[in-house]
Amino acid sequence: MTDELVPNRCRYICPRKQRQCKMSPSTSLSLYCMEHLLFDPDLDEATKESLRIPCPLNPQHSISPHDLQRHIRKCNQRPRILGPFHRPNCNSGLECDNHDDYSTILQDITDEELQAFIIRMEAIHDNFVKEPVGNAQTNFDCYLPHVNVDELGNRSRKHLQQIGSIIASLVQLNLLQANTCFVEMGAGRGQLSHELHACVKQESTVQFVLIERDHQRYRFDAHHRRDHQGPSFERYRLDIRDLYLAELPSIKNSQSEKHTVIISKHLCGGATDLALRCAVDAQRNSQSIQAIIIALCCHHRLLWNDYAGKEFFRRLNLTPKDFSLIRTLTSWGTCENRHRMTQDGKRSTMDGISLQSSTSTSTDRSTYSKQRLFSVEEQENIGLKAKRILDWGRIEYLDENGFSAHLKVYVSKSITLENIALIATSLTN
C-alpha cells in the first residue's frame, strides 16, 4: 500500500488487507466511516459513544446506540432457538471438568520428560487398547449403484470409496431397513446421505436428517427437495453441541417405532464426542438409537472439556495435561504423508500425486523440534498409538452407556490416512 490516502474515503486502514477502507465518511465530525468511527484518534470517547457502540452480540461490528433494540432483533449473531430439540450446550461436558488447554505443552517439556511419557503411553496402549478390526472387503463400488467411480478424478473417487465403505458397514449390520431415521452429524454438503439414499430410495418410511452448523452451498440434499416418494430429507443448521436428539421431530413424532442410526464421514475433533454424548442421552430418553458409525479424524483438535472418555483417563491416572500431550502427539500419526519417500525418490501425497523429493532427507529436521528424537517410523507409531488411546476412551464411554463399540479399519491408508471408523450397536435394540 502507498502512503497516500484517497480523499473522500474513510481513513481506516484494514489490517488484514493493508488497504484503505472504501466507505465514505458519514459525518462531518470525522474522516472515518460509521463502521470505523470508534478508531478515530481525533474524537473523544464521549462523542464516539454517542455515535457508535460495539454490538453486544458480536463486538466485531458496531451499531448506532439509538438503533440498539432493533438491531438485536435482527443481528445475524443473535441466538436462535429452532425448537424443543435445540438446547444450548446440552451435549457439552460438565463445567467442573473444565481445564486449561496446555496448547504449548510439547514445547514446554524437556526431551527426557517426553521420552519417559511416550514409554508410559505405549505401555497403556499395549495393555488396554484393542487394535481396530481389519476390513477384508476392498471393492465398495457395488454400494454406489448410480455412480461410475472410474470416470471420476482421484480426489472425488477417494471420497466415494470412503462413503461406499460406510454404506457397506451399514449393510453388514443389517441397518438398511424401513422405519429408520439416518441422522448425519456434521453433514457438510450431505454427500453421504445422498449416496445412501440411492440404496433405500424405494422405502418411503426412511428419513434423513442432516445436522450442520455452517452454511453449505451446492448441497446434495437439494436434489431431493421435490421428491414426492421415497425417503425425505431434513436439514438443520445447528451445532451438535446444542442438539437434543430425542426431541427431533423426525424421531419424536414418528407414528410407528422408528430406529435411529447416526452416521458421519470424518466428524472433526471434539464434534465426535459431542455426537456420542448426544446419542447416549437420546438412548436414555427414547431407546431409539440402533447404531452409530462415525469415520474419525482430526484428533489434534480435541479439547479436554468436550472429550467423552474422561473416566478412562482418570482410571489410568492420566491428567488433563497428559491428555493435551497425547492429543498433540496424534499429529505425528500422519507424518508419513510429509516425510516418507518411495523407492523412486518421490514423495507421495494425500491426493495420490507424486512430487519430486527435495535435497533434504527425512532425517533433516529442525534441532528445535521434538520430532528429531525419533525416526519417521517411530513418529508414525507414536502418533497412531496416541490416536487409539483417545479413541479407546470413547469406546469405553459407549460400552458403559448401553452400546457395544469397536474400531474398524474401513478403508486403506492409500485412500485416506484417517482410515479408522468407530462402530457401535445398541444392546437394547
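Residues numbered from 1 in each chain as written. Predicted model: local features only at pLDDT ≥ 70, side-chain atom pairs only at ≥ 80, totals over all residues. Heavy atoms only, no water.

### Details of the packing of helix α10 (residues 320-329) against helix α12 (residues 376-399)
To be explicit about the condition: Note on geometry: axes are C-alpha line fits, over the in-contact stretch for helices, and angles between N-to-C directions span 0 to 180 degrees. In this description a helix means any DSSP run of H or I spanning at least four residues, a strand means any run of E spanning at least two, and both kinds are numbered starting from the N terminus. Note on terminology: angles under 35 degrees are roughly parallel, angles over 145 are roughly antiparallel, angles of 65 to 115 are roughly perpendicular, and the others are oblique. Handedness of a crossing is defined here by the sense of rotation of the near helix relative to the far one, left-handed for an anticlockwise turn of less than a right angle and right-handed for a clockwise turn. The contact definition used throughout considers only heavy atoms, calling two residues in contact when any of these lie within 4.5 Å. Residues were grouped as follows: Ala, Val, Leu, Ile, Met, Phe, Trp, Tyr, Cys and Pro as nonpolar; Asp, Glu, Lys and Arg as charged; and all remaining residues, including Gly, as polar.
The geometry of α10 relative to α12 is characterised by a closest axis approach of 8 Å and an angle of 130° between their N-to-C directions. Accordingly, the angle class assigned to the pair α10 and α12 is oblique. Judged by the sense of rotation from one axis to the other, the crossing of α10 with α12 is left-handed. The segment α10 lies against α12, with Phe323, Ile326, Arg327 and Leu329 engaging Ile382, Gly383, Ala386, Ile389 and Leu390. When the residues that make up the contact of α10 with α12 are grouped by side-chain class, the tally is seven nonpolar, one polar and one charged.

### Topic: the side chain of Lys385
Among the secondary structure elements, Lys385 is positioned in helix α12. Filtering out sequence-adjacent residues up to four positions away, Lys385 remains in contact with Met121, Glu122, His125 and Asp126.

### Points about the UniProt feature "domain: CHHC U11-48K-type" (unreviewed entry) in the protein chain
Here is the rule: UniProt positions are given in the numbering used here, feature names are shortened, and annotations may be inferred rather than shown by experiment.
Within this structure's numbering, the places UniProt gives as "domain: CHHC U11-48K-type" (unreviewed entry) are residues 52-79. A helix fraction of 25% and a strand fraction of 14% characterise residues 52-79, whose end C-alpha atoms lie 22 Å from each other.

### Points about the environment of Asp242
Put simply, the test is: A simple rule labels every residue: compare its accessible area, found with a 1.4 Å probe on the protein chains alone, to the largest value its type can have, and call it buried under 20%, exposed over 50%, or partly exposed in between. Polar contacts, as counted here, are pairs of nitrogen or oxygen atoms within 3.5 Å of one another; within protein the pair requires one atom able to donate a hydrogen and one able to accept it, and residues that are adjacent in sequence qualify only if both atoms are side-chain atoms.
Following the sequence through the fold, Asp242 ends up in the loop between β7 (232-237) and α7 (249-252). Look at Asp242 and you get buried, because its relative accessible area is 15%. C-alpha of Asp242 to C-alpha of Arg87: the two residues are 155 residues apart in sequence and 5.0 Å apart in space. Ignoring sequence-local partners within four residues, the contact set of Asp242 consists of Phe85, His86, Arg87, Pro88, Asn89, Cys90 and Asn91. Polar contacts involving the side chain of Asp242 include one to the main-chain amide nitrogen of Asn89, which spans 2.7 Å.

### Observations regarding the nonpolar core
We count it as follows: As used here, the term nonpolar core means buried Ala, Val, Leu, Ile, Met, Phe, Trp, Tyr and Cys residues forming a set that is joined through side-chain atoms within 4.5 Å.
One finds Met185, Leu245, Ile292, Phe313, Leu329 and Leu398 to be the most contacted residues of the largest nonpolar core, which totals 63 residues. The element that contributes the greatest number of residues to this core is α12, accounting for eight residues. Those residues within four positions of Ile292 in sequence are excluded, and the remaining contacts are Ile262, Leu276, Ala279, Leu398, Phe403, Leu422, Ile423 and Ala424. Leu160, Ile167, Val261 and Val411 belong to the second largest nonpolar core, which has 30 residues in total.

### Side note on α10
Side chains of residues three or four places apart in an α-helix project in the same direction, reflecting 3.6 residues per turn. Counting buried positions along α10 gives nine out of 10 residues, so the element sits mostly inside the fold. Among all positions of α10, only Pro320, Asp322, Phe323, Ser324, Leu325, Ile326, Arg327, Thr328 and Leu329 are buried. As for α10, its buried residues are in contact with α3 (105-108), α4 (111-128), α9 (310-315) and α12.

### A look at the pattern of salt bridges
Applied cut-off: The term salt bridge refers to a side-chain nitrogen of Lys or Arg lying within 4 Å of a carboxyl oxygen of Asp or Glu.
Tallied over the full model, the rule gives 18 salt bridges. A network of salt bridges, in which partner residues are shared, links Asp273, Arg388, Asp391 and Arg394.

### What to know about the side chain of Gln283
One can find Gln283 in helix α8 (residues 271-286). Separated by 2.9 Å, the side chain of Gln283 and the backbone nitrogen of Ile289 make a polar contact.

### As for the packing of helix α5 (residues 154-172) against helix α6 (residues 191-200)
Working note: a packed helix pair is described by the angle between its axes plus the distance between those axes. Relative orientation of the contacting elements α5 and α6 amounts to 55°, with a least axis distance of 10 Å. Taken together, the axis directions place α5 and α6 in an arrangement best described as oblique. Here the hand of the crossing between α5 and α6 comes out right-handed. Of the residues in α6, those in contact with Leu160, Ile163, Ile166, Ile167 and Leu170 of α5 are Gln191, Leu192, Glu195, Leu196 and Cys199. Partitioned by chemical class, the residues of the contact of α5 with α6 number eight nonpolar, one polar and one charged.

### Some thoughts on the packing of aromatic side chains
Test applied: Working definition: a ring pair exists when centres of Phe, Tyr or Trp rings (six-membered ring for Trp) sit within 6.5 Å. Plane angles under 30 degrees give stacked, over 60 give edge-to-face, the rest tilted. When the NZ atom of lysine or the CZ atom of arginine is within 6 Å of a ring's centre and also within 35 degrees of its normal, the charge is said to sit over that ring.
Enumeration according to the criterion identifies 12 aromatic pairs in this entry. Ring geometry for Tyr12 and Phe39: centres 4.8 Å apart, planes at 40°, overall tilted. One end of the pair, Tyr12, is in the segment before β1 (13-14); the other, Phe39, is in the loop between β2 (19-20) and α1 (45-51), and 27 residues separate them in sequence. The exposure class of Phe39 is partly exposed, given its relative accessible area of 48%. On the basis of an interplanar angle of 40° and a centroid distance of 6.5 Å, the ring pair of Trp304 and Tyr307 is categorised as tilted. A relative accessible area of 5% places Trp304 in the buried class. Tyr307 gets classed as buried once you look at its relative accessible area, which sits at 0%. Here a set of aromatic residues connected by ring pairs shows up, and it is made of Trp304, Tyr307, Phe312, Phe313 and Phe323. Across the ring face of Tyr244, the terminal group of Arg87 is positioned such that the distance to the ring centre comes to 3.7 Å.

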